[in-house]
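# Tertiary structure, described
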Amino acid sequence: MLFILLGVLVLHLIILILLIVSTAASTWSVGDKVSTDLWYNCMTTSEGYHCKPASNEDWIQAVQALMILSVLFCFCSLIAFLYQLFRLVKGGRFFFTAIFQILASVFVMCGAIIYTVMSPDIGAQFGYAYVLAWVAFPLSLVSGLIYIVLRKKE
């Protein structure tokens, strides 16, 4: 049982790291001389590397909010798991933790879908931060489902 709990905890920490990196990293889209993320649009010119803030369009602000919410819900889920690990009665299930983790997966999925549909087609490819967001989605969903099934044993 200890190994299962340790495995779930490690999976949860990996998901949290993936979400933080995908939210903060500067490569959601990369092109020849252009890279964009949720916060800045950067361009390489003959004068150097210049960044300007991301547009104020509604869709990019929605993606920003959803990614931040996914990080917050994943973190709250981790705190809830640690709390329930020591306070939950024997045989109890980690429903509260599972709900927060599943909500985190829904938020990251919605953010990635909105970015996929609405990102401008400037000849750029999706970068590693975008891929990390999509990797974090099924991992957090599976983690949430594991929390539903998981029971506390003494």
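Residues numbered from 1 in each chain as written. Predicted model: local features only at pLDDT ≥ 70, side-chain atom pairs only at ≥ 80, totals over all residues. Heavy atoms only, no water.

### Here we look at helix H1 (residues 2–24)
A turn of α-helix holds 3.6 residues, and therefore any two residues three or four places apart point the same way. Its 23 residues place the ends of H1 33 Å apart at the C-alpha level, agreeing with the 33 Å of an ideal helix rising 1.5 Å per residue. Along H1, the positions that sit buried rather than exposed are Leu5, Val8, His12, Ile15, Leu16, Leu18, Leu19, Ser22 and Thr23. (Helix = DSSP H or I, 4+ residues; strand = E, 2+ residues; numbered from the N terminus. Expected span 1.5 Å × (residues − 1). Buried < 20%, exposed > 50% of the residue type's maximum accessible area, 1.4 Å probe, protein only.)

### Let's talk about the UniProt feature "transmembrane region" (unreviewed entry) in the protein chain
As recorded in UniProt, the sites labelled "transmembrane region" (unreviewed entry) are residues 62–82, 94–115 and 127–150. With 100% helix and 0% strand, residues 62–82 has end C-alpha atoms that lie 30 Å from one another. Annotated as residues 94–115, this span is 95% helix and 0% strand, and its ends, taken at the C-alpha atoms, are 32 Å apart. (UniProt positions renumbered as here; feature names shortened; annotations may be inferred.)

### Quick word on the packing of H1 against helix H2 (residues 58–87)
At a minimum axis separation of 9 Å, H1 and H2 run at an interaxial angle of 160 degrees. It follows from the interaxial angle that H1 and H2 lie roughly antiparallel. Judged by the twist between their axes, the crossing of H1 over H2 is left-handed. Where H1 abuts H2, its residues Leu5, Val8, Leu9, His12, Leu13, Ile15, Leu16, Leu19, Ile20, Ser22 and Thr23 lie against Met67, Ile68, Ser70, Val71, Cys74, Phe75, Ser77, Leu78, Phe81, Leu82 and Leu85. Here the residues of the contact of H1 with H2 sort into 17 nonpolar, 5 polar and no charged. (Axes fitted to C-alpha atoms, helices over the stretch in contact; angles between N-to-C directions. Parallel < 35°, antiparallel > 145°, perpendicular 65-115°, else oblique. Left-handed = near helix turned anticlockwise from the far one by under 90°. Contact = heavy atoms within 4.5 Å. Nonpolar A, V, L, I, M, F, W, Y, C, P; charged D, E, K, R; others polar.)

### Comments concerning the state of the cysteines
What we call a disulfide is simply a covalent bond connecting the sulfur atoms of a pair of cysteines. One pass over the structure, following the stated rule, counts 1 disulfide. A disulfide bridge connects cysteine 42 with cysteine 51, and the sulfur atoms are separated by 2.0 Å. Looking down the S-S bond of the cysteine 42 and cysteine 51 bridge, the torsion is 105 degrees, so its handedness is right-handed. Taking relative accessible area as the criterion, cysteine 42 reaches 6% and is therefore assigned buried. For the unlinked cysteine cysteine 76, the closest cysteine sulfur is that of cysteine 74, found at 9.5 Å. (Disulfide = S-S within 2.5 Å.)

### Some words on the nonpolar core
Residues Leu19, Trp28, Leu38, Met67 and Tyr115 are the most contacted members of the largest nonpolar core, which totals 24 residues. Secondary-structure elements contributing two or more residues to this core are H1, H2, helix H3 (95–118) and helix H4 (128–149). Sorting elements by how many residues they give to this core places H2 first, with 7 residues. When neighbours within four sequence positions are excluded, tryptophan 28 is seen to be in contact with Ser22, Thr36, Asp37, Leu38, Met67, Tyr115, Gln125, Phe126, Gly127, Ala129, Tyr130 and Ala133. (Core = buried A, V, L, I, M, F, W, Y, C linked by side-chain atoms within 4.5 Å.)

### Side note on the packing of aromatic side chains
By the definition in use, this model includes 12 aromatic pairs. Relative to tyrosine 130, the ring of phenylalanine 126 has its centre 4.1 Å away and its plane inclined at 15 degrees; by these criteria the two rings are stacked. The exposure class of tyrosine 130 is buried, given its relative accessible area of 8%. Linked through ring pairs, Trp28, Trp59, Tyr115, Phe126 and Tyr130 together constitute an aromatic cluster. (Phe/Tyr/Trp six-rings, centres within 6.5 Å; stacked < 30°, edge-to-face > 60°.)

### Here's the deal with the sheet that holds strand E1 (residues 29–30)
Overall, antiparallel pairing links the 5 strands, which are arranged E4-E3-E2-E1-E5 in an open sheet. Edge positions in the sheet fall to strand E4 (48–53) and strand E5 (125–126), since each has one partner strand and no second. Taken together, the 3 bridges between strand E2 (residues 34–36) and strand E3 (residues 40–45) define a ladder with antiparallel strand orientation. The partner of serine 35 across the bridge, within E3, is cysteine 42. (Pairing = 2+ DSSP bridges.)

### Things to note about the pairing of E4
When you tally the buried positions in E4, you get 0 out of 6 residues, a small fraction of the element. Between E3 and E4, which follow one another and run antiparallel, lie 2 residues.

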